[in-house]
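Observations on the model geometry
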Amino acid sequence: MEKLILIDGNSIIYRAFFAMPPLNNSSGLHTNAVYGFTNMLLRLIQDEKPTHIMVAFDAGKVTFRHEGYEDYKGGREKTPPELSEQFPLTRELLESFGICWFELPGYEADDIIGTISKQAEAAGKDVLVVTGDKDMLQVVSDKVKVALTRKGISEVEPYGPKEIQERYGLTPDQIIDLKGLMGDASDNIPGVPGIGEKTALKLLHQFGSVEEVLARTDELKGKMKENLIQHAEDARLSKRLATIHREVPVDRSFDDMVFRGLQEEKAGPVLRKLEFKSLLERLSFGEGAGTAEAGEATARAQDEVEVVIVDETSLQELVNELPGIEVMYVESRGDNPHQSEVMGLIFSSKERHFFVSCEFLLSAAAKPVKDWLADPQIPKRGYDLHRADLALYWQGITFAGAEFDIELAAYLLDPTDNNQTISGLAAKYHLPQLPSDDEVYGKGAKFKAPDPETLSRHLARKALAMLRLIPLQKEELEKNEMNRLFYELEMPLSRILADMEKQGISVNRDALAELGKEFEAQISKLEKRIYEIAGLEFNLNSPKQLGEVLFDKLELPVVKKTKTGYSTDAEVLEKLAPYNEIVQFILEYRQLAKLQSTYVEGLLKEIRQDTGKVHTFYRQTIAATGRLSSQYPNLQNIPIRLEEGRKIRQVFVPSEEGWSILAADYSQIELRVLAHISDDKGLQEAFLHDMDIHTKTAMDVFGVSQDQVDANMRRSAKAVNFGIVYGISDYGLSQNLHITRKEAAQFIEQYFEAFKGVRRYMDEIVQEAKRNGYVTTLLERRRYLPEINASNFNLRSFAERTAMNTPIQGTAADIIKLAMVMMDETLRKHGLKSRMLLQVHDELVFEVPPQELETMSKLVPETMEKALQLSVPLKAEVSSGSNWYEAK
DNA sequence: TTGGTCACG
DNA sequence: ACGTACGTGACCAAT
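Remember, predicted model here, so these are calculated numbers, not experimental data. (Residues numbered from 1 in each chain as written. Chains lettered and ligands numbered in written order. Predicted model: local features only at pLDDT ≥ 70, side-chain atom pairs only at ≥ 80, totals over all residues. Heavy atoms only, no water.)

So, about the overall build of chain A. Helix and strand counts for chain A come out as 38 helices and 23 strands. When its C-alpha atoms are laid out on the principal axes, chain A stretches across 115 × 80 × 60 Å. Buried positions account for 52% of the 888 residues belonging to chain A. Within chain A, contacts between residues at least 6 apart in sequence are counted, and of these 67% link residues at least 24 apart. Total accessible area on chain A stands at roughly 40600 Å², and carbon and sulfur atoms take up 49% of it. (Helix = DSSP H or I, 4+ residues; strand = E, 2+ residues; numbered from the N terminus. Buried < 20%, exposed > 50% of the residue type's maximum accessible area, 1.4 Å probe, protein only. Contact = heavy atoms within 4.5 Å. Areas by Shrake-Rupley, 256 points an atom, 1.4 Å probe, with all protein chains shown as cover.)

Now the structure itself:
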């Protein structure tokens, strides 16, 4: 049964503030109310085991109640600042707990709770409302209970219809009549003079409602009768004011309110900031790595699992079960799968779990298991099979046949969910909870190799969760129309990426070291001159120390500040260049230091001794737009814009004598995608004629002919095109072009006048995002934008720009991924020896034997261009050379 | 671990 | 008035 807890945030925090002794953390923040609130929240979670939680707050001062009665809540003491400052802290805490909160201008928390409780009741959920406000009793029903705080907030008293009857002799909906007669001093609701709780109850027992009392005053006598007649209107008003509005436009769904348990990674930092030591201890979020009992709050029932630890004697059992194995998982240690330790494997069918240690898998006896892993005809389902493939590969074990990857599915279903672990997904889908890896293994320096029993049990729990996740994900992929994207694009791509990564790319170590020497010589020269001019030696790599030298010692003007002090980034330094020649030297130093540390030293460290290659790892489940990302090393940000850095590309060479590096990149793919999805005729026309798009933009924006477009106009137009792709704002463009916001706004307006289809697209996509809560790419890749309707301007604006950008960037990502799948197929079909090595968002890099150079120079761009049929042609440009630098 | 900076598309 | 261009990862210093 689902159970929803609704908390009146304001009410509880008020009470906690006055009930708790003052409390500060070391930076002087008042925390007593947050502490009381948190304490109560944890107790509720522990005692009530809710599946859903939501906290409602009052927003702003004026509500609809003020419209009929200006003095509503008049005469209240102003909220003390020590309390006010605790509201934001509470919200931050709730967010870190993964608990939904909500407020709505014009309504009080009561009304929000009234509305949601009504909806929850209709949906068959059990509801517990927690508040200090007796008014709330009016929403009580068979399904809705109200817990009122007693004695401060240390205890709550639950009220159902029965308890209300016992206490007041009333039904829940008579509570508002009670308020109507007796009023409420704290809310400045008048009621009827001389009538308190006792009299009000007596009257209600006799007449039933305010209206009935007022209609039958002739049955009464004395002062009370007089007062009722004279203040009849007050009584009606008071009843209205006390009535909770249960039709508030709440834009939260029950899905938003699902409570998934506390995550130490999220809750820990906030609790630590507040210095709630006893709570941290109670949750086992202390210094030591969390243990299995980490958080009574996290633990819901865990499955007990039985697992066979496979050795030579029990091997036959597993072999018998192999045809029925439904999921598998390889546990490995370390972030870089090219140098990770395989801790063990689990193979599971519905009923049975088999744990295989790496050691056993490597033994000769395990051949049947290795054959099973290597057979591409046997479909494998599991979690992060890409990583498993690589980890096993470096152990000399072949893996093939990935059919369903839970991590990839989770990524497609919500690419921005940053807890796509098995444990996190189990929580998301309300499956029985399992501890996180960090809880079982310890993290970082605290990692402790688990004994086989602990490890196998943990893996079996993961496998069980995986078995349950797969059907749920399949259903959702189907519902989102993502089957093709998943089975025909992302799954095949994951195998291709693994192949590229295993292949690696050769690096000329000597040439790289030589470059390093050249950089080093220049760097030390620059250092000397800088220290000379500064008059002292300091750590040039420290922005803090550099700031002190520039702005305190040399007294250069401060252009920009960061959170922690002076800003010294390139933009600032360029502004300071005219004041002192030191600035130019610092800029040059920065450039070379970057090249040296990241690209010379960093890259040297990543070269494998045995192969002389670097093997990057493409992450397929990181970027919110659908792009890949690259790590260990990142080969998607090798310098190219400046000549000094570009030289780094010379060290990327073919792995075989006489071969070439061939690179092909899409020309203006994002703007072509925009031309297609916006259906802007002008833009399409330009690409149909393969015009220089920035020149064309300049012509239309400035209203000039082609030969009147000068370099400056083209540069501006180029910036506008970038802006359009990013989800333009006048501010952003003004920063980029160093012009005023007004001028930038004018450019944008002129652009939209010239490309009306683009304006229509930008408007429509934002509307679509507001309507659906997400945007999609051409291949139905989806990105949710929960902040698209936020009242906070910045959050909302960010979401709007994202809504404009994601379909463009994401569709471009779809396209190159398609091209990669087709290219892999093509190489195979033609029996070519050429190898695809790298992907850099709009570029593919290959190594090619001489006899295939001509073929590949045609085949690669052709394949890329036909990856997806758009209303405008795709264009890919190819070049080759003896290294990556030459392939330009 | 966080923030500043800078490399790429 | 608000204060940002979209998407990443690596390195360094300071906490």
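Bringing helix α23 (residues 452-479) into the picture now. Between the first and last C-alpha of α23 there are 40 Å, a value that for 28 residues agrees with the 40 Å anticipated at 1.5 Å per step. Along α23, the sharpest kink reaches roughly 30°, centred on Leu469 and followed within four residues by the proline Pro471. Just beyond α23, the residue with positive phi is Glu481, at close to 55°. (Expected span 1.5 Å × (residues − 1). Bend = angle between axes of the 7 residues up to and from the residue.)

As recorded in UniProt, the sites labelled "domain: 3'-5' exonuclease" (unreviewed entry) are residues 306-478. What you have in residues 306-478 is 44% helix and 17% strand, and the ends, taken at the C-alpha atoms, are 33 Å apart. (UniProt positions renumbered as here; feature names shortened; annotations may be inferred.)

Right, let's get into the protein's contact with DNA strand B. Taken together, 22 residues sit near DNA strand B, with Thr568, Lys594, Ile640, Arg641 and Asp842 positioned nearest. Taking all atoms of DNA strand B within 4 Å of the protein, the share assigned to sugar and phosphate is 76%. A distance of 2.7 Å is found between a base oxygen of DNA strand B and a side-chain nitrogen or oxygen belonging to Lys594. At 2.9 Å, a side-chain N or O of Asn637 approaches a base nitrogen of DNA strand B. Considering each element in turn, the surface near DNA strand B owes the most residues, three residues, to helix α28 (residues 581-606). The class makeup of the residues in the surface near DNA strand B is seven nonpolar, eight polar and seven charged. (Near = heavy atom within 4 Å. Polar contact = N/O pair within 3.5 Å; in protein donor to acceptor, adjacent residues only side chain to side chain. Nonpolar A, V, L, I, M, F, W, Y, C, P; charged D, E, K, R; others polar.)

Before going further, it helps to examine the nonpolar core. In terms of nonpolar packing, the biggest core is built from 154 residues, with Ile648, Phe652, Tyr666, Leu674, Tyr751 and Phe846 touching the most fellow members. Considering every element that reaches this core, the biggest residue donor is helix α37 (residues 793-829), with 13 residues. Setting aside chain neighbours within four positions, we find Phe846 in contact with Ser660, Ile661, Leu662, Met823, Leu827, Arg835, Met836, Leu837, Met856 and Val860. With 48 residues, the next largest nonpolar core counts Ile116, Val140, Tyr168 and Val213 among its residues. (Core = buried A, V, L, I, M, F, W, Y, C linked by side-chain atoms within 4.5 Å.)

Taken together, 36 residues lie around DNA strand C, and Ser629, Asn634, Arg783, Phe798 and Arg801 are the ones closest in. Here DNA strand C approaches the protein such that, of its atoms within 4 Å, sugar and phosphate make up 60%. Taking Arg741, its side chain carries an N or O atom lying 2.8 Å from a base oxygen of DNA strand C. Within the contact set of DNA strand C, a sugar or linking oxygen lies 3.3 Å away from a side-chain nitrogen or oxygen of Asn794. Within the residue set of the surface near DNA strand C, elements represented by two or more residues are α28, β16 (629-631), α33 (711-726), α34 (730-737) and α37. Tallying contributions element by element places α37 first for the surface near DNA strand C, with seven residues.

Taken N-terminus to C-terminus, the directions of helix α35 (residues 741-754) and helix α36 (residues 756-772) make an angle of 105°; their axes are 5 Å apart at the nearest point. One finds that α35 runs roughly perpendicular with respect to α36. In this structure, α35 uses Glu749, Tyr751, Phe752, Glu753 and Ala754 to contact α36, whose residues at the interface are Lys756, Val758, Arg759 and Met762. Its residues placed into classes, the contact of α35 with α36 shows five nonpolar, no polar and four charged. (Axes fitted to C-alpha atoms, helices over the stretch in contact; angles between N-to-C directions. Parallel < 35°, antiparallel > 145°, perpendicular 65-115°, else oblique.)

Counted under the stated rule, the structure contains 48 salt bridges. Taking the shortest distance from any N to any O, the salt bridge between Lys428 and Asp417 comes out at 3.1 Å. Residue Lys428 is found in helix α21 (residues 422-428), and its partner Asp417 is found in the loop between α20 (406-413) and α21; the two are separated by eleven residues along the sequence. For Asp417, a relative accessible area of 18% translates into the label buried. (Salt bridge = Lys/Arg side-chain N within 4 Å of Asp/Glu carboxyl O.)

Before going further, it helps to spend a moment on the sheet that holds strand β17 (residues 652-653). With antiparallel pairing, three strands are arranged side by side in an open sheet as β14-β13-β17. Each edge of the open sheet is held by one strand with a lone partner, namely β14 (613-614) and β17. Relative to β17, strand β13 (residues 505-507) is paired through two bridges, and the arrangement is antiparallel. Bridge pairing in β17 links Ser506 to Val653. (Pairing = 2+ DSSP bridges.)

Next up on the list: the pairing of strand β21 (residues 835-839). Counting buried positions along β21 gives four out of five residues, so the element sits mostly inside the fold. The pairing of β21 with strand β22 (residues 843-848) spans four bridges and is antiparallel. Within the sheet, the bridge partner assigned to Gln839 lies in β22 and is Leu844.

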